[in-house]
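Each chain, letter by letter, is given below.
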Amino acid sequence: MRPSPLPLKFGYGTNGFTHHRLSDVLLVLADLGYDGVALTLDHGHLDPYADDLPRRVSALARQLARLGLDIVVETGAPYFLDPRGKHLPTLMSDDAGRRIDLLRRALRIAADLGAPSVQLCSGPAPAGLPEPDAWKLLATGIETILETAEEYGVALAFEPEPYMFVDTVRRCTELAERVGGHELFGITLDIGHAHCVDEQPLLDCVQLAAPLLRTVQIEDMRRGVHQHLEFGAGEIDFPPVLTALRDLGHTGLVSVEIQGGALDAPDVARRSIEFLRTAA
């Protein structure tokens, strides 16, 4: 008899709590019954360039252990490296070294926190750069970062993002092939993003991502509109999606990402976990 799939583990992204101290974010999430947190490295919560970074990371690790929260590390803060250019520089930029340095720092932080993966995305390709050259630069950058991933034993979880160079699950699997199917290269599947821009039906996207799936982000969304919405405010039918993830045996976090809810973050997080528990 086939054993029943394990329950999904739900997390919440710190980019939806930008008006809270990180220590308070964790307390709120633990009190609501979340299983983990998706930590976006940024200026406010955990700056990977802070002078006292080791102390902050140690304190965070202790609090996570005390509260029993899992964690994944994310690097999608849009203006972290460039205050004027969203998600710049990229691994395809002339100054790609700055992005490589950030990702290496993120991998070290993830290892110190016991996080299994670091999320990243492609960003936009530089204007006028031919697509074959963009692929080559991106793959070369990823291969460089994978050397650090091997050192720390932490996976890269690449996220297809609307209107970026790698915007669909199919293009993400192509990138996986271009880096030789490296065992530490995986996918962050954002359910809303897949519904927003992917040509395939959403459940097909889940199946396509499955062999490389490391972590999941989840929110509601409308087709063609990249706006992270509370559950029920968009078009996605969530019970089949959650069933598919559970049936795949996904054991990573399924993390809510609703950046626009920061002013009402505790209530948005409460409504979100109640919705997900019912839908699951």
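Everything quoted here is computed from the prediction, not taken from an experiment.

Procedures and definitions
- Residues numbered from 1 in each chain as written.
- Predicted model: local features only at pLDDT ≥ 70, side-chain atom pairs only at ≥ 80, totals over all residues.
- Heavy atoms only, no water.
- Helix = DSSP H or I, 4+ residues; strand = E, 2+ residues; numbered from the N terminus.
- Buried < 20%, exposed > 50% of the residue type's maximum accessible area, 1.4 Å probe, protein only.
- Pairing = 2+ DSSP bridges.
- Axes fitted to C-alpha atoms, helices over the stretch in contact; angles between N-to-C directions.
- Contact = heavy atoms within 4.5 Å.

**Student:** I tried to follow the environment of Arg108 on my own but got confused; where do I start?
**Tutor:** Note on placement: Arg108 falls in helix α3 (residues 96-113). Classification of Arg108 as partly exposed rests on a relative accessible area of 33%. Counting along the chain gives 41 residues from Arg108 to Ala149, while the straight-line C-alpha distance between them is 8.5 Å.

**Student:** Where do I start with the sheet that holds strand β1 (residues 9-13) in this structure?
**Tutor:** Across a sheet, paired strands are connected by hydrogen bonds in the backbone, their directions being either parallel or antiparallel. Reading around the circumference, β1-β2-β3-β4-β5-β6-β7-β10 is the order of the eight strands in this closed barrel, with parallel pairing throughout. For this sheet, the mean inter-axis angle between neighbouring strands, taken without regard to orientation, is 30°. Both strand β2 (residues 36-40) and strand β3 (residues 70-74) contribute to a ladder of five bridges, which runs parallel. Following the sheet pairing, Leu39 is matched in β3 by Val73. Contacting β4 (117-120), β5 (155-158) and β6 (185-190), helix α4 (residues 131-152) crosses the sheet at an angle of about 150° to β5. Docked against the sheet, helix α8 (residues 238-247) engages β1, β7 (213-218) and β10 (253-256), running at close to 160° with respect to β7.

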